[in-house]
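Residues per chain, in single letters:
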Amino acid sequence: MSEIRLAAETRTEFGKGAARRARRAGFVPGVVYGHGHAPVHLNLPGHDLMMALKTPNALLVVPIEGKDEYVLPKAVQREAIKRTIEHVDLLLVKRGEKVTVEIPVHTEGELAPGGNLVEHVLQALPIEAEATHLPEAVTVSVEGLEAGASIHAKDIALPNGVALAVEADTVVLQVIAAQAAPAEEEAEEAEAGAEA
């Protein structure tokens, strides 16, 4: 995963009024914590942050006290209607440090014929990996699977240096039979009634 550099600046004003002024100026208030470091309050460029957060578990590089530091987004607060970023909590990480994150699970391939559906029991897979080498997602083949089949965490191939942070027997995906539409069921019942 590539690093995304953000030109953040240290925040000296606090409170709702200061946060509103920062947002009007195109910034997002944020706080960096971790490694026993005192929390550092930052203003981050709003558009750049929004673009960076389109990548799951984006590894960000921000200047803190004159030194570039690695951070991972830990919590993102969004405005309820416009979905703009209101505030972000960032976790300070070091090169080589192992972190636990969740990565999206994507599927590829066609299910067996019959109108079956893939149900994502887990929308994201918890993993442990080096902070500077986090995979963006995992892809699972569902080629030819029939209703009743399931894929467990242990069945998913992970890149080198990545370990599961969930029980190996946890169901991640399962294939379910498609439900008949209510109109079809009524038609079948009517036919059965007419035959009787």
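The model shown is predicted, which means the values in this text are computed figures rather than measured ones. (Residues numbered from 1 in each chain as written. Predicted model: local features only at pLDDT ≥ 70, side-chain atom pairs only at ≥ 80, totals over all residues. Heavy atoms only, no water.)

Undergrad: Describe unusual backbone geometry, listing the residues and the values that go with them.
TA: Phi angles above zero are rare outside glycine, and Glu65 is one such case at about 50°. Counting through the fold element by element, Glu65 comes out in the loop between β5 (59–64) and β6 (67–78). Accessibility expressed as a relative area gives 66% for Glu65, which makes it exposed. Even without glycine at this site, Arg83 takes up a positive phi of about 65°. Topologically, Arg83 is positioned in the loop between β6 and β7 (85–93). (Helix = DSSP H or I, 4+ residues; strand = E, 2+ residues; numbered from the N terminus. Buried < 20%, exposed > 50% of the residue type's maximum accessible area, 1.4 Å probe, protein only.)

Undergrad: I'd like to hear about the sheet that holds strand β14 (residues 171–176), residue by residue, with values.
TA: The strand order across the open sheet formed by three strands is β9-β14-β12, and the pairing between neighbours is antiparallel. In this open sheet, the two strands that pair with only one neighbour each are β9 (117–120) and β12 (150–152). Taking each pair of neighbouring strands and ignoring which way they run, the sheet shows an average axis angle of 15°. Two strands pair when backbone bridges link them, and β12 and β14 are joined in this way by three bridges, in the antiparallel orientation. Each bridged residue has a counterpart across the sheet, and for Ile151 the counterpart in β14 is Leu173. (Pairing = 2+ DSSP bridges. Axes fitted to C-alpha atoms, helices over the stretch in contact; angles between N-to-C directions.)

Undergrad: Give me the lowdown on helix α1 (residues 16–24), citing residues and values where you can.
TA: Since the α-helix packs 3.6 residues into each turn, any two residues three or four apart lie on the same face. Burial in α1 covers these residues: Ala18, Ala19 and Ala22. The arc enclosing the buried residues of α1, seen along the axis, measures out at 100°, which places them on a common side. Facing away from the buried side of α1 by over 90 degrees, the exposed positions are Lys16 and Arg24. Residues of α1 that are buried in the fold lie against β3 (27–34) and β4 (37–45). Count one or two residues on from α1 and you reach Gly26, which has phi positive near 90°. (Arc of directions from axis to C-beta. Contact = heavy atoms within 4.5 Å.)

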